[in-house]
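Examination of the molecular architecture
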Protein chains: 2
Amino acid sequence: MSQLTEGPRTRDSSRTRARLLEAGRAEFAEYGIAGARVDRIAAAADCNKAMIYAYFNSKDGLFDAVFAAHACSFQEKINFDPDDLPAYAGRLLDGFEDDPAVMRLISWYRLERAASAPMPAVTSANETRLERLRVAQREGRLTTRYEPAAILALVHGIAGSWATRNPEFGALQPDRAARRAAVVDAVARVLAAD
Amino acid sequence: MSQLTEGPRTRDSSRTRARLLEAGRAEFAEYGIAGARVDRIAAAADCNKAMIYAYFNSKDGLFDAVFAAHACSFQEKINFDPDDLPAYAGRLLDGFEDDPAVMRLISWYRLERAASAPMPAVTSANETRLERLRVAQREGRLTTRYEPAAILALVHGIAGSWATRNPEFGALQPDRAARRAAVVDAVARVLAAD
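In what follows, the accompanying structure is described. (Residues numbered from 1 in each chain as written. Chains lettered and ligands numbered in written order. Predicted model: local features only at pLDDT ≥ 70, side-chain atom pairs only at ≥ 80, totals over all residues. Heavy atoms only, no water.)

**Considerations on the packing of aromatic side chains**
Worth spelling out the cut-off: The rule is short: rings of Phe, Tyr and Trp, with Trp giving its six-membered ring, pair when the centres are within 6.5 Å, and they are stacked under 30 degrees, edge-to-face over 60, tilted in between. Categorising residues by exposure relies on relative accessible area from a 1.4 Å probe, with only protein chains included: less than 20% of the type maximum marks a residue as buried, more than 50% marks it as exposed, and the intermediate range marks it as partly exposed. Consider the ring centre and the ring normal. A charge sits over the ring if Lys NZ or Arg CZ is within 6 Å of that centre and within 35 degrees of that normal.
For the structure shown, the criterion picks out 17 aromatic pairs over all chains. Each ring, one from Tyr55(A) and one from Phe56(A), has its centre 6.2 Å from the other, and the planes form 55°; the classification is tilted. We classify Tyr55(A) as partly exposed; its relative accessible area is 26%. Ring geometry for Trp162(B) against Phe169(B): centres 6.1 Å apart, planes inclined by 45°, an arrangement best described as tilted. As far as burial versus exposure is concerned, Trp162(B) and Phe169(B) are alike and both buried. An aromatic cluster of at least three residues, connected via ring pairs, comprises Phe28(A), Phe63(A), Phe67(A) and Tyr109(A). Looking at Arg40(A), its charged tip hangs above the ring of Tyr31(A), at a distance of 4.1 Å from the centre.

Here you go:
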């Protein structure tokens, strides 16, 4: 293959990969890993099913690539801040509410991938956040009432209070501004200096 | 059919139904609605696959019966108490930790059943709790800082803080006593009288 054709081919390949990730994200968010169908993903990405196996080895491989990409972009967008965790929780809620696929992907991941090898992108996101909480505690900028892992779990639990409710709850919930205000206020109270 | 044979047949039928509900619970908790296989459920319940359709109409019908039974028994066991929501959150955490199938069923329900008709057992559980919170607020026994629906969402969000974390988080979490203490304390702070 000549240099002249490598350029366009590489661009095509990266576009195909991006289309497969996008189509995979929508399919996995809707149906989960077991329920997702590679032929639907291939059709939505306007490419051949064989490309999924060529780029990602398997449906599971595509899910892992989708989830790692999702985890990275969500983390960048939400921006973890140990010095203002109430505001961070508010941004998390915005992320969940702006795109319901986010909590769906997280939930499928927990339900269907628990027995698989840990995903480096997830492990490192956990550890980076815990280390930053540890430093904030050591420097007196954050309550030491709970261990860093408990703070992370509580902040994420509170931020996900609405996104993890049963569908029947939807009709009963207050408007988004009140949902957001409750989450931000609750995190502030939990972590208030005594 | 004579009266003499109806007794034993009814007992058999109720035993078969109970075995199907139990086998269905385990199968749905593991694989979700789409992933569950009626032949595995029938085999685990030691009965014919046709019995599932005879008793529950469909796999979806069996899931609804499993979930309604689960919701009832879980509510009875956990005992909602608007006058001591921190203790209630601690009991919820115990329920989640004693039986991981509980949060799995709740999560599959949210992911896979959102487009279906509301389930009366779930709607009525939501409404009963909200009404009790409303009364507690009216009688001055509970903070009015948040709407009743926000209190319910926050208490459930906090109680589920650990059960909804990603699998990689497991290795980082404190022991169960510390997890429970963090949850109970967080709910107390969120709902403390000012």
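From this point, the narrative continues.
**Points about the relation of the copies chain A and chain B**
Note the threshold: The atoms used to superpose the copies are C-alpha atoms, taken from residues with pLDDT of at least 70 in both, and the fit is least squares. When checking whether two residues touch, look at their non-hydrogen atoms; a contact exists if any pair is within 4.5 Å.
After a rotation of 180° and a shift along the axis of 0.0 Å, chain A superposes on chain B with an RMSD of 0.0 Å. When the rotation and shift are considered jointly, the pair of chain copies conforms to a two-fold rotation axis. Of the C-alpha atoms belonging to chain A, the one lying closest to the rotation axis is found on Gly157(A), 2.5 Å away. Comparing interface residues between copies, 100% of those in chain A also lie at the interface in chain B; the contact surface is shared.

**What about the side chain of Arg110(A)?**
Condition: Every helix listed is a DSSP run of H or I at least four residues long, and every strand listed is a run of E at least two residues long, numbered separately from the N terminus. Note on charges: Lys and Arg go in the positive column, Asp and Glu in the negative column, and His and the chain ends are not counted at all. Salt bridges, as used here, are contacts in which a Lys or Arg side-chain nitrogen is within 4 Å of a carboxyl oxygen on Asp or Glu.
Its location among the elements puts Arg110(A) in helix H6 (residues 101–112). Buried and unpaired, Arg110(A) has Glu168(B) as its nearest opposite-charge partner, separated by 10 Å.

**Section: the interface of chain A and chain B**
The accessible area lost on association of the parts is a frequent measure of interface size. Definition in use: The term buried area denotes the loss of accessible surface (1.4 Å probe radius) that occurs when two parts are joined, taken as the sum for both partners. Under this definition, polar contacts are N or O atom pairs within 3.5 Å; protein pairs additionally need one hydrogen-donor-capable and one acceptor-capable atom, and for neighbouring residues in sequence, both atoms have to be side-chain atoms. Charged residues are taken to be Asp, Glu, Lys and Arg, nonpolar residues to be Ala, Val, Leu, Ile, Met, Phe, Trp, Tyr, Cys and Pro, and polar residues to be all remaining types, Gly included.
With 48 residues of chain A at the contact, the number on the chain B side is 48 residues. Together chain A and chain B conceal approximately 4100 Å² of surface at their shared face, both sides included; 65% is due to carbon and sulfur atoms. Here chain A and chain B share zero salt bridges between them. Between chain A and chain B we count 14 residue pairs in polar contact (both at pLDDT 80 or more) in total. Within the residue set of the side of chain A that touches chain B, elements represented by two or more residues are H6, helix H7 (120–138), helix H8 (148–159) and helix H9 (176–191) of chain A. Broken down by class, the residue content of the side of chain A that touches chain B amounts to 27 nonpolar, nine polar and twelve charged.

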